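Tertiary structure, described
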Amino acid sequence: MRHTLLLFSLLVLPALAACSGAPAAPGAEAQIDGRGLVGVDLDGKSHSIDSAFAQGKGVTLVFWQDWCGSCLAEAPHVQDASRAYADRIAFYGVVSGADQTEKDFGLRNCVRELGLTYPQIRDRSGTWSLRFQVSSTPTVLVFSPNGVLRFRGNHLPESWNNLL
């Protein structure tokens, strides 16, 4: 029994905490830092998180997949938030996986059908997922304008204003 409790506390509790959607713990910004990271969107345009920080904006990264039901259900709400907070937060969708050109065509169609207007970064090498320790979708990360991770969850934050 004692061994089971120890195993539970070492393996299960950290996983539950990671999925809780609560604001990131103090010090988390030292573990997850997006500075210096550049990504390429579906149209081949480069995007740097640093440019958003330089403009005094926060950054929201939404890791998603076009086959993820929760991601698709959440997408209209992300789009609404990206419009409502465009002057304060730069939004980026991040789609990881080494899929080929056909996948990009399908993603473009999905983005168009969902009406997403913020950039969709293709993370073919998994660099973004590794950097931000993302292992499932959807995963939402919100950074303050000074680069501090303020929220990490598998859903959108309840209040954006408290994060900036």
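Report follows, based on the coordinates. (Residues numbered from 1 in each chain as written. Predicted model: local features only at pLDDT ≥ 70, side-chain atom pairs only at ≥ 80, totals over all residues. Heavy atoms only, no water.)

Turning our attention to the packing of aromatic side chains. Within this structure, the stated rule accounts for six aromatic pairs. Ring centres 6.0 Å apart and planes at 40° place the aromatic pair Tyr85 and Trp160 in the tilted group. You can see Tyr85 sitting in the loop between helix 4 (69-84) and strand 4 (89-96) and its partner Trp160 sitting in the segment after strand 7 (149-153), a full 75 residues away along the chain. Ring centres of Trp128 and Phe132 lie 6.1 Å apart, and the angle between their planes is 55°; this geometry places the pair in the tilted category. (Phe/Tyr/Trp six-rings, centres within 6.5 Å; stacked < 30°, edge-to-face > 60°. Helix = DSSP H or I, 4+ residues; strand = E, 2+ residues; numbered from the N terminus.)

As a further point, take the pairing of strand 6 (residues 139-143). The buried fraction of strand 6 amounts to five of the five residues, a majority that puts the element mostly inside the structure. Neither face of strand 6 is left uncovered, since the one carrying Thr139, Leu141 and Phe143 and the one carrying Val140 and Val142 both have all their residues buried. Relative to strand 6, strand 3 (residues 58-63) runs antiparallel, the two being bridged by five bridges. Residue pairing across strands places Val62 opposite Val140, the latter belonging to strand 6. Pairing of strand 6 with strand 7 involves four bridges; the strand directions are antiparallel. Bridging from a neighbouring strand, Val140 pairs with Gly153 of strand 7. Counted between consecutive antiparallel strands, the loop separating strand 6 from strand 7 contains five residues, among which Gly147 sits at a positive phi close to 85°. (Buried < 20%, exposed > 50% of the residue type's maximum accessible area, 1.4 Å probe, protein only. Pairing = 2+ DSSP bridges.)

With that settled, the discussion passes to empty space enclosed by the protein. All chains considered together, the criterion is met by one cavity of 30 Å³ or more. Roughly 50 Å³ of volume is contained in the largest cavity. Along the walls of the largest cavity sit Val62, Trp64, Cys71, Glu74, Ala75, Val78, Leu114, Leu116, Tyr118 and Pro138, which together make up its complete lining. For the lining of the largest cavity, the element with the most residues is helix 4, which contributes four residues. Counted by class, the lining of the largest cavity contains nine nonpolar, no polar and one charged residues. (1 Å grid on protein atoms, 1.4 Å probe; cavity = no way out; pocket = protein on both sides within 12 Å on 5 of 7 lines; lining within 4 Å. Points joined across faces, edges and corners; volume = space filled by probe spheres on them. Nonpolar A, V, L, I, M, F, W, Y, C, P; charged D, E, K, R; others polar.)

Topologically, Ser96 is positioned in strand 4. We classify Ser96 as buried; its relative accessible area is 17%. Here the side chain of Ser96 touches Asp123 through a polar contact of 2.8 Å, side chain to side chain. Ignoring anything within four residues of it in the chain, the contact list for Ser96 reads Phe63, Gln65, Arg122, Asp123 and Ser129. (Polar contact = N/O pair within 3.5 Å; in protein donor to acceptor, adjacent residues only side chain to side chain. Contact = heavy atoms within 4.5 Å.)

The subject of this paragraph is the sheet that holds strand 3. Taken together, the five strands give an open sheet; going across it, the order is 5-4-3-6-7, and neighbouring strands pair in mixed fashion. With partners counted over all chains shown, the strands left at the sheet margins are strand 5 (120-123) and strand 7, one partner each. Direction aside, neighbouring strands of the sheet carry axes that sit 20° apart on average. In the packing of helix 4 onto the sheet, the strands contacted are strand 3, strand 4 and strand 6, and the crossing angle to strand 4 comes to about 150°. (Axes fitted to C-alpha atoms, helices over the stretch in contact; angles between N-to-C directions.)

This next bit is on the pattern of salt bridges. Working definition: two side chains of opposite charge can pair if their charged atoms are close together. Scanning the model with the defined rule gives one salt bridge in all. Note that Arg108 and Asp43 form a salt bridge whose closest N and O atoms lie 3.9 Å from each other. One end of the pair, Arg108, is in helix 5 (residues 101-114); the other, Asp43, is in the loop between strand 1 (38-40) and strand 2 (46-48), and 65 residues separate them in sequence. With relative accessibility at 32%, the residue Arg108 sits in the partly exposed group. Judged by relative accessible area, which is 65%, Asp43 ranks as exposed. (Salt bridge = Lys/Arg side-chain N within 4 Å of Asp/Glu carboxyl O.)

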